[in-house]
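What the coordinates show
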Amino acid sequence: MRPENTVAELAGVPVHYDRYRSDAHGYGTRGRPVTLHCTAAFEEKLQACFEELWDVCPLGRAEVVTTAGAYVDKPGAHSKGRAFDLDGLFWSERAFVARNYPREREFYLAVEAVLRKHFGTVLNYRYNAAHRDHFHIDDLAQRGFYKSHRSRVLFLQMILTHLFETPVAVDGIFGPETSEAAREMLVRRELASPGALAGGEALDRTLGEVWFDLLGEVARAGFADATAASPPASGPDETPLALLNQVYAAIDEERVGGWEKTGREA
Ligand SMILES: [Zn+2]
């Protein structure tokens, strides 16, 4: 049943719907103002999440948040009024659109880190084809790191590969390669000592303990180079990581369509 509670602003920023058929208000535009329905408890989490986002992002408070919806009469968290689909964020000089992930991975992962601080379920670009153009967030699951949750392992693998220079296969499986890279990253970032990470259980426990600190570091690192200018579709970008990410971007764009088989919306 549709909750009575409504939301039209997130931490002071108007929410717009951008899934109209017209080019002027279609996906990737600023859309048009919308009033969403969700539970009051879920709204409280949304407000806190976006307050933190404006706080940690160097661009500050956005002008518009675009969405594909909150309460929707379909199975899952949306029908409970406990889910929100984030399409984009618009500042006066810069637009962030979820579908552009291959071209702005750092910024994307920084946004996701803030979402993960507040919501247990976050489904992203790599989760499946249906989530390439938006973040799905809901609060049906607990926050934190669980290696049995594919969406959380994907995020870990994405930050290892694209933000912390310890590349692994981004396949959602917490295997030996991901474990080794996670250990290296935790030690290098001084989130754990090598002695505290001996054995699989110790790694799981440590990831659980430092998860929120790690999310904070992801947001800082991902937003570090955020400036008002939107990144070019392609262009001069000399750092080795940036060059590597351009290669990944090309691979991702080729792979599109291969993911429909996997996963489903929580
Ligand atoms: Zn959704």
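Residues numbered from 1 in each chain as written. Predicted model: local features only at pLDDT ≥ 70, side-chain atom pairs only at ≥ 80, totals over all residues.

What follows deals with the overall build of the protein chain. A tally of regular secondary structure across the protein chain gives six helices and ten strands. By the burial criterion, 39% of the 266 residues in the protein chain qualify as buried. (Helix = DSSP H or I, 4+ residues; strand = E, 2+ residues; numbered from the N terminus. Buried ≥ 20, exposed ≤ 12 C-beta atoms within 10 Å, placed from the backbone.)

Now for the pairing of strand β3 (residues 13-17). Across two bridges, strand β2 (residues 9-10) lies against β3 in antiparallel orientation. Following the sheet pairing, L10 is matched in β3 by V13. Here β2 folds back onto β3 in antiparallel fashion, the turn holding two residues, of which A11 has a positive phi close to 45°. Pairing of β3 with strand β4 (residues 32-33), which is carried by two bridges, proceeds in the antiparallel orientation. By the bridge assignment for β4, Y17 is matched with R32. (Pairing = 2+ DSSP bridges.)

Packing of helix α2 (residues 105-118) against helix α5 (residues 200-223) brings their axes to within 8 Å, and their N-to-C directions diverge by 150°. Overall, the two elements α2 and α5 adopt an arrangement that is roughly antiparallel. Read as a crossing pair, α2 and α5 show a hand that is left-handed. Contact residues: α2 offers E106, F107, L109, A110, A113, V114, R116 and K117, while α5 offers F212, L215, V218, A219, G222 and F223. Here the contact of α2 with α5 is composed, by residue class, of ten nonpolar, one polar and three charged. (Axes fitted to C-alpha atoms, helices over the stretch in contact; angles between N-to-C directions. Parallel < 35°, antiparallel > 145°, perpendicular 65-115°, else oblique. Left-handed = near helix turned anticlockwise from the far one by under 90°. Contact = placed C-beta atoms within 7 Å. Nonpolar A, V, L, I, M, F, W, Y, C, P; charged D, E, K, R; others polar.)

One finds I159 and V218 to be the most contacted residues of the largest nonpolar core, which totals 66 residues. The biggest single contributor to this core is α2, with eight residues. If sequence neighbours within four positions are ignored, V218 has contacts with L109, A110, A113, I159 and L163. (Core = buried A, V, L, I, M, F, W, Y, C linked by C-beta atoms within 7 Å.)

Let us look at the environment of Q142. Tracing the chain through its elements places Q142 in the loop between β10 (135-138) and α3 (150-162). Sequence separation between Q142 and G120 is 22 residues; the distance between their C-alpha atoms is 4.6 Å.

Two faces make up the sheet, and in a regular strand the side chains alternate between them. Burial analysis of strand β7 (residues 83-90) places eight of its eight residues in the buried class, the great majority of the element. Bridging between strand β6 (residues 64-69) and β7 involves five bridges; their strand directions are antiparallel. Its bridge partner lying in β7, T67 is registered against L86. As paired strands, β7 and β10 are joined by four bridges and run antiparallel to one another. Residue pairing for β10: F84 is matched across the bridge by I137.

Let's shift gears to the confidence of the model for the protein chain. Of all residues in the protein chain, 86% attain a pLDDT of 70 or more, and the chain-wide mean is 90. Contacts for the low-pLDDT stretch residues 256-266, under 50 throughout, to residues beyond four places or in other chains number 20 contacts. (pLDDT = per-residue confidence, 0-100.)

The subject of this paragraph is α2. Along its 14 residues, α2 runs 20 Å from first to last C-alpha, staying within 8% of the 20 Å computed at 1.5 Å per residue. The buried fraction of α2 is high, at 14 of 14 residues. (Expected span 1.5 Å × (residues − 1).)

On to the environment of E51. As for its position among the elements, E51 is in helix α1 (residues 40-56). For the pair E51 and L10, spaced 41 residues apart in the sequence, the C-alpha separation amounts to 7.7 Å.

At W211, α5 shows its maximal kink, close to 60°. Taken together, the buried positions of α5 are occupied by L203, L207, L214, L215, V218, A219, G222 and F223. Check the buried side of α5 and you find it contacts α1, α2, α3 and α4 (176-188). (Bend = angle between axes of the 7 residues up to and from the residue.)

What follows deals with the packing of α3 against α4. As a packed pair, α3 and α4 sit with axes 10 Å apart at the nearest point and diverge in direction by 60°. The orientation of α3 relative to α4 falls into the category oblique. Of the two possible hands of crossing, α3 and α4 adopt the one that is left-handed. Touching V153, L156, Q157 and L160 of α3 are T178, A181, A182 and M185, all from α4. Its residues assigned to classes, the contact of α3 with α4 shows six nonpolar, two polar and no charged.

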